[in-house]
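Observations on the three-dimensional arrangement
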Amino acid sequence: MSITVECQRCTACCRWPGEVRLDAAEITAIAQHVGMSEERFIAEHTRLRVDRRGLALQERADGSCIFLADGGCAVQPVKPQQCRDFPSRWVNSLWGKVPLATMKKEYPMLFNCAAFKDFLKTNKL
Ligand code: SF4
Ligand code: SF4
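Residues numbered from 1 in each chain as written. Chains lettered and ligands numbered in written order. Predicted model: local features only at pLDDT ≥ 70, side-chain atom pairs only at ≥ 80, totals over all residues.

So, about the overall build of the protein chain. Across its full length, the protein chain holds seven helices and five strands. In the protein chain, the order of α-helices and β-strands from amino to carboxyl end is α-β-α-α-β-β-β-β-α-α-α-α. In terms of its C-alpha atoms, the protein chain occupies a principal-axis envelope of roughly 50 × 30 × 30 Å. Burial status across the protein chain gives 21% buried among its 125 residues. Excluding contacts between residues fewer than 6 apart, the proportion of contacts in the protein chain whose partners are at least 24 apart in sequence is 63%. (Helix = DSSP H or I, 4+ residues; strand = E, 2+ residues; numbered from the N terminus. Buried ≥ 20, exposed ≤ 12 C-beta atoms within 10 Å, placed from the backbone. Contact = placed C-beta atoms within 7 Å.)

Turning to the site of ligand 1, a few remarks are in order. Taken together, Cys 14, Val 20, Cys 65, Phe 67, Leu 68, Cys 73, Val 75, Lys 79, Pro 80 and Cys 83 are the residues near ligand 1. Looking at the shell around ligand 1, its residues break down into nine nonpolar, no polar and one charged. (Near = placed C-beta within 6 Å. Nonpolar A, V, L, I, M, F, W, Y, C, P; charged D, E, K, R; others polar.)

This brings us to the sheet that holds strand 3 (residues 55–57). Sheet architecture is open: three strands sit in the order 1-3-2, paired in antiparallel fashion. Only two strands of the sheet have a single partner each, and these edge strands are strand 1 (21–22) and strand 2 (46–48). (Pairing = 2+ DSSP bridges.)

Here the focus is helix 7 (residues 114–122). Along helix 7, the residues that are buried comprise Ala 115, Phe 116 and Phe 119. Viewed end-on, helix 7 has its buried residues packed into an arc of 95°, placing them on one side of the element. In the core, the buried residues of helix 7 are packed alongside helix 5 (88–94). Count one or two residues on from helix 7 and you reach Lys 124, which has phi positive near 55°. (Arc of directions from axis to C-beta.)

Before going further, it helps to examine the site of ligand 2. Taken together, Cys 7, Gln 8, Arg 9, Cys 10, Thr 11, Ala 12, Cys 13, Phe 86, Pro 87, Cys 113, Ala 114 and Ala 115 form the complete shell of residues around ligand 2. Where the shell around ligand 2 is concerned, the elements lending two or more residues are helix 1 (12–15) and helix 7. In the shell around ligand 2, the residues fall into nine nonpolar, two polar and one charged.

The subject of this paragraph is the nonpolar core. Nonpolar side chains in soluble globular proteins tend to be buried together. Judged by nonpolar contacts, the single largest core of 20 residues is most densely connected at Val 5, Leu 57, Cys 65, Cys 113, Ala 115, Phe 116 and Phe 119. Elements supplying a minimum of two residues to this core: helix 1, helix 2 (24–33), strand 3 and helix 7. Those residues in contact with Phe 116 that sit more than four places away from it in its chain are Val 5, Pro 87, Val 91, Leu 110 and Phe 111. (Core = buried A, V, L, I, M, F, W, Y, C linked by C-beta atoms within 7 Å.)

Residue Pro 87 follows Phe 86 across a cis peptide bond; omega there is 5°. Tracing the sequence through the fold places Pro 87 in the loop between helix 4 (81–85) and helix 5. Even without glycine at this site, Arg 9 takes up a positive phi of about 55°. Along the chain, Arg 9 turns up in the segment before helix 1. In this structure, Arg 52 takes a positive phi of about 60° despite not being glycine. For Arg 52, the position within the fold is in the loop between strand 2 and strand 3. The exposure class of Arg 52 is exposed, given the 6 C-beta atoms found within 10 Å.

Note that every value here comes from positions in space, so none of it alone points to a role or purpose.
Given below as structure tokens:
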């Protein structure tokens, strides 16, 4: 059974340092959305991934995503799949398979997520 945890747009995951990976289609869509050529978008808003196998979004000095704005995600309609998948994909790959204490230790970002916190409350954990 698949668990759905609805994002509450608290933006905690957008403030968490780390790579937001982009594929070619996402680069095209986001560049178009922000009105930039793909070349300029790549030069100004992306960086090489740590594994050097592709690109990720730039982050600010404080670790937050370059597209985090006052009202939330500035590219919401075209945000990357990685953002769309959080937290449900993580929950489905971990829940019932990894002890809660291990999850807390190894996936702290999940425990910062308002939607996951509600999920834990609903499940009386
Ligand atoms: S692209 Fe949008 S949803 Fe994804 S991390 Fe950046 S601000 Fe958050
Ligand atoms: S931390 Fe969770 S609730 Fe907050 S924006 Fe990210 S996915 Fe949504």
